[in-house]
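# Structure assessment
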Amino acid sequence: MSLTHLLLVIATLLVMEFAVALFHRHVMHGFGWAWHASHHEPRKASAWERNDLYAVVFTAAAIALFALGDPNGPVWWIAFGITLYGLLYGLLHDVLIHRRLPLAWKPRNRYLQRLIAAHHMHHAVKTRENGVSFGFLYAPPVEQLRAELRRRNGQA
Ligand SMILES: [Zn+2]
Ligand SMILES: [Zn+2]
């Protein structure tokens, strides 16, 4: 891995965070709600949900990019960055926050605690509209999200 490759991976992680936030807000809570709604309904932690189809689609896209590129060019490293983002997302969102694996992991790290609080605020809204906190690896301060949630839903 060269310095260029490392920078490419970091840039891909940053772009992914923006892209995922936009995708979550406008597609998953837009015309893609039929798949994503399952993630905003109560369910057993161990069960598969229709929303998991998004992970399948993103995994297929990353595999296609790996196949198109090779480790000397940029495409392969972009695919690597997307895969790394996906692994981080799966670990934090599915394992840490939604407890889909039986792991007793209770982080004391402030950044992780903020991610958890911010994502629970996303889940405070069960409907397609009026949600907050669509990003993931970056979370705004919890107070800011709470104020936005109140503003959007007109409640205390
Ligand atoms: Zn959502
Ligand atoms: Zn969630």
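In this text the structure is predicted, and so the values were computed from the model without any measurement. (Residues numbered from 1 in each chain as written. Chains lettered and ligands numbered in written order. Predicted model: local features only at pLDDT ≥ 70, side-chain atom pairs only at ≥ 80, totals over all residues. Heavy atoms only, no water.)

### A word on the coordination of the zinc ion (ligand 1)
Applied cut-off: The rule for donors is simple: N, O or S, within 2.8 Å of the metal, or within 3.2 Å if the metal is Na, K or Ca. Water isn't counted, so a site may look like it is missing partners. The secondary structure listing takes helices from DSSP runs of H or I that are at least 4 residues long and strands from runs of E that are at least 2 residues long, numbered from the N terminus. Exposed residues in this analysis have more than 50% of their type's maximum accessible area, buried residues have under 20%, and partly exposed residues fall in between, with area computed by a 1.4 Å probe over protein chains only.
Only His24 (NE2), His29 (NE2), His36 (NE2), His40 (NE2) and His122 (NE2) from the protein reach the zinc ion (ligand 1) as donors, at distances of 2.1 to 2.2 Å. Donor residues for the zinc ion (ligand 1), ordered by position in the chain, follow H-x4-H-x6-H-x3-H-x81-H. Here the residue His36 occupies a position in helix α2 (residues 33–36), and His122 occupies one in helix α5 (residues 110–123), the gap between them amounting to 86 residues. Residue classification places His122 among the buried positions, given a relative accessible area of 0%.

### Observations concerning the packing of helix α4 (residues 74–97) against α5
Keep this limit in mind: Think of each axis as a best-fit line through the C-alpha atoms, taken over the contacting stretch in the case of a helix, with angles from 0 to 180 degrees between the N-to-C directions. For this classification, under 35 degrees means roughly parallel, over 145 means roughly antiparallel, 65 to 115 means roughly perpendicular, and everything else is oblique. Whether two residues are in contact is decided by their heavy atoms: any pair within 4.5 Å suffices. Each residue is assigned to one class: nonpolar for Ala, Val, Leu, Ile, Met, Phe, Trp, Tyr, Cys and Pro, charged for Asp, Glu, Lys and Arg, and polar for all the others, Gly among them.
Between α4 and α5, whose axes approach to 11 Å, the crossing angle comes to 75°. The angle between α4 and α5 places the two elements in the roughly perpendicular class. Contact residues: Leu92, His93, Leu96 and Ile97 in α4; Leu112, Leu115, Ile116, His119, His120 and His123 in α5. A per-class count over the contact of α4 with α5 returns six nonpolar, four polar and no charged.

### Examining the side chain of His29
Just so we agree on the cut-off: Residues adjacent in sequence count toward polar contacts only when both atoms are side-chain atoms; beyond that, a polar contact is any pair of N or O atoms within 3.5 Å, and within protein one must be able to donate a hydrogen and the other to accept it.
Mapped onto the elements, His29 comes out in helix α1 (residues 3–31). Residue His29 is classed as buried on the basis of its relative accessible area of 6%. Side chain to side chain, His29 and His36 meet in a polar contact 3.2 Å long. A polar contact of 3.2 Å, which involves the side chain of His29, links it to the side chain of His40.

### Some thoughts on the coordination of the zinc ion (ligand 2)
Six octahedral donors around a metal ideally sit at 90 or 180 degrees from one another, while four tetrahedral donors ideally sit at 109.5 degrees. Bound to the zinc ion (ligand 2) are the protein donor atoms His39 (NE2), His93 (NE2), His98 (NE2), His119 (NE2) and His123 (NE2), situated 2.0 to 2.3 Å from the metal. Spacing between the donor residues of the zinc ion (ligand 2) along the chain follows H-x53-H-x4-H-x20-H-x3-H. A residue pair is termed long-range when its members are at least 10 positions apart, and His39 in the loop between α2 and α3 (52–68) and His119 in helix α5 qualify at 80 residues. Just as His39 is buried, His119 falls in that class too.

### Thoughts on the packing of aromatic side chains
Here is the rule: Only Phe, Tyr and Trp rings are paired, with Trp represented by its six-membered ring, and only when their centres lie within 6.5 Å; those with planes under 30 degrees apart are stacked, over 60 edge-to-face, the remainder tilted.
Tallied over the full model, the rule gives nine aromatic pairs. Considering the side-chain rings of Phe23 and Tyr54, the 5.7 Å spacing of their centres and the 90° angle between planes classify their relative orientation as edge-to-face. You can see Phe23 sitting in helix α1 and its partner Tyr54 sitting in helix α3, a full 31 residues away along the chain. We classify Phe23 as partly exposed; its relative accessible area is 25%. Looking at Tyr54, the relative accessible area reads 8%, which means it is buried. With 5.1 Å between their ring centres and 70° between their planes, Trp35 and Tyr54 make a pair best called edge-to-face. With Trp35 in helix α2 and Tyr54 in helix α3, this pair connects stretches of sequence that are 19 residues apart. For Trp35, a relative accessible area of 29% translates into the label partly exposed. Grouped by ring-pair contacts, the aromatic residues Phe23, Trp35, Tyr54 and Phe58 constitute a single cluster.

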